[in-house]
Amino acid sequence: MNIRYRKATIEDIPKLNPLLRQLSDSLADPAVMAQKMEKLDRNEDCFLLVAENTENGDLCGSLLGVAFEDICGDCKPILLVENVVTDEAYRGRGVGRGMFAFIEDWGREKECHYCILVSGLNRTGAHKFYDAIGYSEVKGFKKYL
């Protein structure tokens, strides 16, 4: 299996939308998705990553990295990782590790101090994975607006 990690494009929407559905209850509106992806693409502090199986064209993973400014301590940016998904058929095959290695390298290029992410309480498999790649569990809070 040969995996290529790259920035997502509008052309990826037909494959990316069903992949992201593994995180959500429904598919996104492709037109809205395209608008959001164009906006992300214009922002140099955002990186929508996809993992592509070059042997068959499958999108087997995706995540969104956002570097945002911090005004505390040394004032280095923080890397936020969100919308992490590895296709069920590709889990346990190194795709997630590759995506995190890629986005963490991107965060280092942006001089980010550390990386944060939020994962649902019921995603225990993901939690084991995050622990295995060096993430520490800390208490966090989330409120839907």
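S.K.: Which residues make up the packing of helix α1 (residues 13–20) against helix α2 (residues 30–42), and what values go with them?
M.R.: The geometry of α1 relative to α2 is characterised by a closest axis approach of 11 Å and an angle of 100° between their N-to-C directions. Here α1 is positioned roughly perpendicular relative to α2, judged by the angle of their axes. Counted together, Ile 13, Leu 16, Asn 17 and Leu 20 of α1 and Pro 30, Met 33, Ala 34 and Met 37 of α2 form the full contact between these two elements. Considered class by class, the residues forming the contact of α1 with α2 number 7 nonpolar, 1 polar and no charged.

S.K.: Before we move on, can you summarise the environment of Leu 40 with the specific residues and values?
M.R.: Tracing the sequence through the fold places Leu 40 in helix α2. When residues no more than four places from it in sequence are discounted, the contact partners of Leu 40 are Cys 46, Leu 48 and Leu 64.

S.K.: Describe the state of the cysteines, naming the residues involved and giving the relevant values.
M.R.: Applying the stated criterion across every chain, the model contains 0 disulfides. Considering cysteine sulfurs only, Cys 112 is the nearest to Cys 46, which forms no disulfide, with 11 Å between them.

S.K.: Which residues make up the packing of aromatic side chains, and what values do they have?
M.R.: In this description, a pair of aromatic rings is defined by centroid distance and the angle of the planes. If you walk through the whole model with that rule in mind, you get 7 aromatic pairs. Taking 5.8 Å as the distance between ring centres and 65° as the angle between the ring planes, the aromatic pair formed by Phe 100 and Tyr 130 counts as edge-to-face. Highlighted residues: Phe 100 in helix α3 (residues 95–109) and Tyr 130 in helix α4 (residues 124–132), separated in sequence by 30 residues. Take Phe 100 and Tyr 130: they sit in the same class, and that class is buried. With centroids separated by 5.7 Å and ring planes inclined at 55°, the aromatic side chains of Phe 129 and Tyr 130 adopt a geometry described as tilted. Ring pairing ties together the aromatic residues Phe 100, Phe 129, Tyr 130 and Tyr 135, which thus form one cluster.

Analysis parameters
- Residues numbered from 1 in each chain as written.
- Predicted model: local features only at pLDDT ≥ 70, side-chain atom pairs only at ≥ 80, totals over all residues.
- Heavy atoms only, no water.
- Axes fitted to C-alpha atoms, helices over the stretch in contact; angles between N-to-C directions.
- Helix = DSSP H or I, 4+ residues; strand = E, 2+ residues; numbered from the N terminus.
- Parallel < 35°, antiparallel > 145°, perpendicular 65-115°, else oblique.
- Contact = heavy atoms within 4.5 Å.
- Nonpolar A, V, L, I, M, F, W, Y, C, P; charged D, E, K, R; others polar.
- Disulfide = S-S within 2.5 Å.
- Phe/Tyr/Trp six-rings, centres within 6.5 Å; stacked < 30°, edge-to-face > 60°.
- Buried < 20%, exposed > 50% of the residue type's maximum accessible area, 1.4 Å probe, protein only.

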